[in-house]
Amino acid sequence: MTTRNCKKQDCKDETGNCRILGSDGLPVQCVGPWVEDKYFFLEKYLNASCEARRKFADKNNAVFIDLFAGPGKCIVKNEKREIDSGGIRAFKRDEASFNEYFYFDISSVNAKALEKRINSKSNCNFRCGDSNGLINELVETLSQKPYRYHFAFIDPFGPDGLKFETLRNLAKLNRMDILLHFPIGSIKRNLGTWLRSKSTILDNFLGTDLWRKGIDGLSSDKVFKLLIDVFTEQLKSIGYPEKGLRMASSDSNIYTGLPTVSVKNTKDVDLYVLILASKHQLAQKIWNSIIKIDPKGQKELF
Ligand SMILES: C[S@@+](CC[C@H](N)C(=O)[O-])C[C@H]1O[C@@H](n2cnc3c(N)ncnc32)[C@H](O)[C@@H]1O
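Definitions and limits used
Residues numbered from 1 in each chain as written. Predicted model: local features only at pLDDT ≥ 70, side-chain atom pairs only at ≥ 80, totals over all residues. Heavy atoms only, no water. 1 Å grid on protein atoms, 1.4 Å probe; cavity = no way out; pocket = protein on both sides within 12 Å on 5 of 7 lines; lining within 4 Å. Points joined across faces, edges and corners; volume = space filled by probe spheres on them. Nonpolar A, V, L, I, M, F, W, Y, C, P; charged D, E, K, R; others polar. Pairing = 2+ DSSP bridges. Helix = DSSP H or I, 4+ residues; strand = E, 2+ residues; numbered from the N terminus. Axes fitted to C-alpha atoms, helices over the stretch in contact; angles between N-to-C directions.

With that settled, the discussion passes to the layout of surface pockets. Each pocket or cavity is described by its volume, and for the largest pocket that value is around 1,200 Å³. Along the walls of the largest pocket sit 47 residues, with Gln29, Pro156, Phe157, Gly158 and His181 positioned nearest its centre. When its residues are assigned to classes, the lining of the largest pocket shows 17 nonpolar, 19 polar and eleven charged.

Below, the structure written as structure tokens:
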């Protein structure tokens, strides 16, 4: 038997999975403890939006989409604790549960592992492939039932995984809420390189090169604001209205910008932020209220 010691060694294989299998003999991804913050906000949002979703779920019309699904389990490295992925957590929900699930992963090992772990033939669809390519077929399939509610969890390893065109495609669906991992840490680390070339990973991720204007020499905080502002404009251009992206401050009625929640590592470095894109003001209102309290129960994160 191999003893797991992923704390110091680089245990990842070429797919990003741990070289050592999980306790059920299937692949797992090694993660830092901060990954639980991501799941905290995902689950909190799914709980808080339960009543709004129930109208659709009761009529068999609630759809969950996971474009970067992973194998279904992670190992919190230092603790060697196995935890469920976001997609499995969504599947296990009892309250206003989704009626149909679409899970994509570029690795066939992951798609197969997730399928085994979920072990449900009836309402789950598992595909191996690049989500940026599979999206056309998915949107075509889902467009055939226009009265549905869709929730997409989009959780790539970094900006190289996702092209903005994929969001443009998803946005063609009615009632399409997106919880997105925006990989700010990795973007900031590579910004210098991308500034020196054209048609980069960042141009594809943001779907525009407008970020280049005025970014030179900006402080880290200002880079963040500029990128989020560019991304907000891009979301607006594909049909996400201001009211579904922003919150008016209750005191001053002034828009505060796209509400994000930051996921940091144990050294307090920002790894990524989570963004909710919705076409509906109610969804953003729910998101705004849940991100005010962090996983430790403290108020006002942003
Ligand atoms: C951060 S992990 C996903 C973690 C998972 N969402 C969770 O909650 O544990 C990113 C996953 O995306 C997959 N991936 C990377 N590029 C992809 C692509 N272009 N299309 C689909 N899946 C991709 C990787 O194989 C990996 O499993």
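After that view of the structure, there is still more to cover.
Overall, mixed pairing links the three strands, which are arranged β1-β3-β4 in an open sheet. Bordering the open sheet on either side are β1 (29-31) and β4 (81-84), each of which pairs with just one other strand. Neighbour-to-neighbour, the strand axes of this sheet turn through a mean angle of 35°, independent of strand direction. Pairing of β1 with strand β3 (residues 73-76), which is carried by three bridges, proceeds in the parallel orientation. Bridge assignment links Val31 to a residue of β3, and that residue is Val76.

The next point concerns unusual backbone geometry. Despite not being glycine, Lys80 has its phi angle at roughly 55°, a positive value. Inspection of the secondary structure puts Lys80 in the loop between β3 and β4. For Ser199, which is not glycine, the phi torsion reads 45° and is therefore positive.

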